[in-house]
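# Report on the structure
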Amino acid sequence: GENVEQHPSTLSVQEGDSAVIKCTYSDSASNYFPWYKQELGKGPQLIIDIRSNVGEKKDQRIAVTLNKTAKHFSLHITETQPEDSAVYFCAGGTSYGKLTFGQGTILTVHP
Amino acid sequence: DVKVTQSSRYLVKRTGEKVFLECVQDMDHENMFWYRQDPGLGLRLIYFSYDVKMKEKGDIPEGYSVSREKKERFSLILESASTNQTSMYLCASSSSSYGYTFGSGTRLTVV
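The following refers to the structure shown. Predicted model only: the values in this text are computed from it and were never measured.

## A closer look at the overall build of chain B
Scanning chain B from terminus to terminus reveals 0 helices and 12 strands. Mapped from its N terminus to its C terminus, chain B presents α and β elements in the order β-β-β-β-β-β-β-β-β-β-β-β. The C-alpha radius of gyration of chain B comes to 13 Å, within 12% of the 13 Å expected for a compact globule of 111 residues. Dimensions along the principal axes, computed over C-alpha positions, put chain B at roughly 40 × 25 × 25 Å. Put simply, 53% of the contacts in chain B that link residues at least 6 apart link residues at least 24 apart.

Below, the structure written as structure tokens:
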């Protein structure tokens with residue numbers, strides 16, 4: 001089955017800096033890679049996703065890159081703000097089927 | 001907006017009790033999932049269902065069962081609760097054209 005590894009487990013940045021979270025996956029059949037943000041007391045919410053036929057996708061301050069050959073994908077947050085502080089999860093699988101999640105990254109943005 | 005509603009935010013149960021966690025979605029999604037979330041381990045798939053009365057084991061099904069009698073409802077059952085099942089439980093639904101939507105989670109404590 002799929003195995004997704006996520007690093008780092010914690011990330012601390014100053015407001016305005018960039019944050020990068022990296023994930024690797026093992027199953028070549030995976031074609032869908034979403035990222036979720038989980039705020040305290042809430043369920044994870046989708047913030048951006050990328051499919052295997054695309055190398056990069058941007059949405060305002062958030063971008064995701066995918067390297068299929070190396071089987072890794074990354075989340076980039078620019079101009080970080082305190083409200084970006086949360087737990088972030090990457091995942092791999094099929095668009096509507098089983099997803100395998102990474103271990104999570106606790107992002108703290110200091111004002 | 002798609003809504004996934006989990007019936008309880010917090011539950012405290014005794015060892016050996018039979019526990020029911022309920023999940024309801026309102027967007028006619030075919031697929032429903034139960035995950036448990038533990039610090040440092042991310043989200044791990046317990047069971048999932050691609051259709052009414054269908055169920056498939058995820059990565060950690062031991063000690064759990066599920067029921068899907070209606071399309072909108074997916075129940076997780078702990079046959080005989082144990083302390084190692086103390087965790088956050090997250091339900092999600094998805095369709096072929098719409099990715100995962102998570103509920104807010106149920107924090108279960110088994111004493």
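After presenting the structure, the write-up continues.
## Describing the environment of S26 of chain A
All names here are of chain A. As for its placement among the helices and strands, S26 is situated in the loop between β3 (19-25) and β4 (32-38). Assessed through its relative accessible area of 39%, S26 is described here as partly exposed. When the C-alpha positions of S26 and E2 are compared, they lie 5.7 Å apart, and in sequence the two are 24 residues distant. What S26 contacts, discounting residues up to four positions off in sequence, is G1, E2, N3 and K71. A polar atom in the side chain of S26 sits 2.9 Å from the backbone nitrogen of N3.

## Focus on the side chain of S87 of chain B
Residues and elements named next belong to chain B. In this structure, S87 sits in strand β10 (residues 87-95). A distance of 3.4 Å separates polar atoms of two side chains, one belonging to S87 and the other to R36. One polar contact links S87 to D38, side chain to side chain, over a distance of 2.8 Å. Those residues in contact with S87 that sit more than four places away from it in its chain are R36, Q37, D38, T106, R107 and L108.

## Some thoughts on the state of the cysteines
Scanning the model with the defined rule gives 2 disulfides over all chains in all. Here C23 of chain A pairs with C90 of chain A through a disulfide, and the sulfurs are 1.9 Å apart. Note on the C23 of chain A and C90 of chain A pair: the S-S dihedral is about -100 degrees, so by sign convention the disulfide is left-handed. Here the residue C23 of chain A occupies a position in strand β3, and C90 of chain A occupies one in strand β9 (residues 86-93), the gap between them amounting to 67 residues. Across the pair, exposure class does not vary: C23 of chain A and C90 of chain A are buried alike. One disulfide bridge connects C23 of chain B with C91 of chain B, the sulfur atoms lying 1.9 Å from each other. As the torsion about the S-S bond is roughly -80 degrees, the C23 of chain B-C91 of chain B disulfide counts as left-handed. Placement of the pair is C23 of chain B in strand β4 (residues 23-25) and C91 of chain B in strand β10, with a sequence separation of 68 residues.

## Brief notes about the environment of Q85 of chain B
All names here are of chain B. In this fold, Q85 is placed in the loop between β9 (73-78) and β10. A relative accessible area of 4% means that Q85 is categorised as buried. Note: C-alpha distance between Q85 and K70 (15 residues apart in sequence) is 26 Å. Residue contacts for Q85: discarding those within four places in its chain leaves R36, E62, G63, Y64, L78, S80, L108 and V110. A polar contact is formed between the side chain of Q85 and the backbone oxygen of G63, at a distance of 3.3 Å.

Rules used in this analysis
- The residue count restarts for each chain, going from 1 along the sequence in the order it is written.
- To read the labels, note that chains go from A and ligands from 1, taken in the order they are written.
- Residues qualify for local features only when their pLDDT is at least 70, as the model is predicted, and side-chain atom pairs are given and counted only at 80 or more; totals for whole chains, interfaces and linings, by contrast, use all residues.
- Hydrogens and water molecules were not included; the side-chain quantities draw on all heavy atoms of the structure.
- Each helix is a run of DSSP H or I of at least 4 residues and each strand a run of E of at least 2, with the numbering of both proceeding from the N terminus.
- Note on method: radius of gyration uses C-alpha positions; expected globular size equals 2.2 Å times residues raised to 0.38.
- By definition, residues are in contact when any of their heavy atoms lie within 4.5 Å.
- The rule is simple: take the accessible area with a 1.4 Å probe, protein chains only, and divide by the maximum for that residue type; under 20% is buried, over 50% is exposed, in between is partly exposed.
- Under the rule applied, a polar contact is a pair of N or O atoms within 3.5 Å (in protein, one hydrogen donor and one hydrogen acceptor; residues adjacent in sequence only if both atoms are side-chain atoms).
- A pair of cysteine sulfur atoms is labelled a disulfide when the two atoms are within 2.5 Å.

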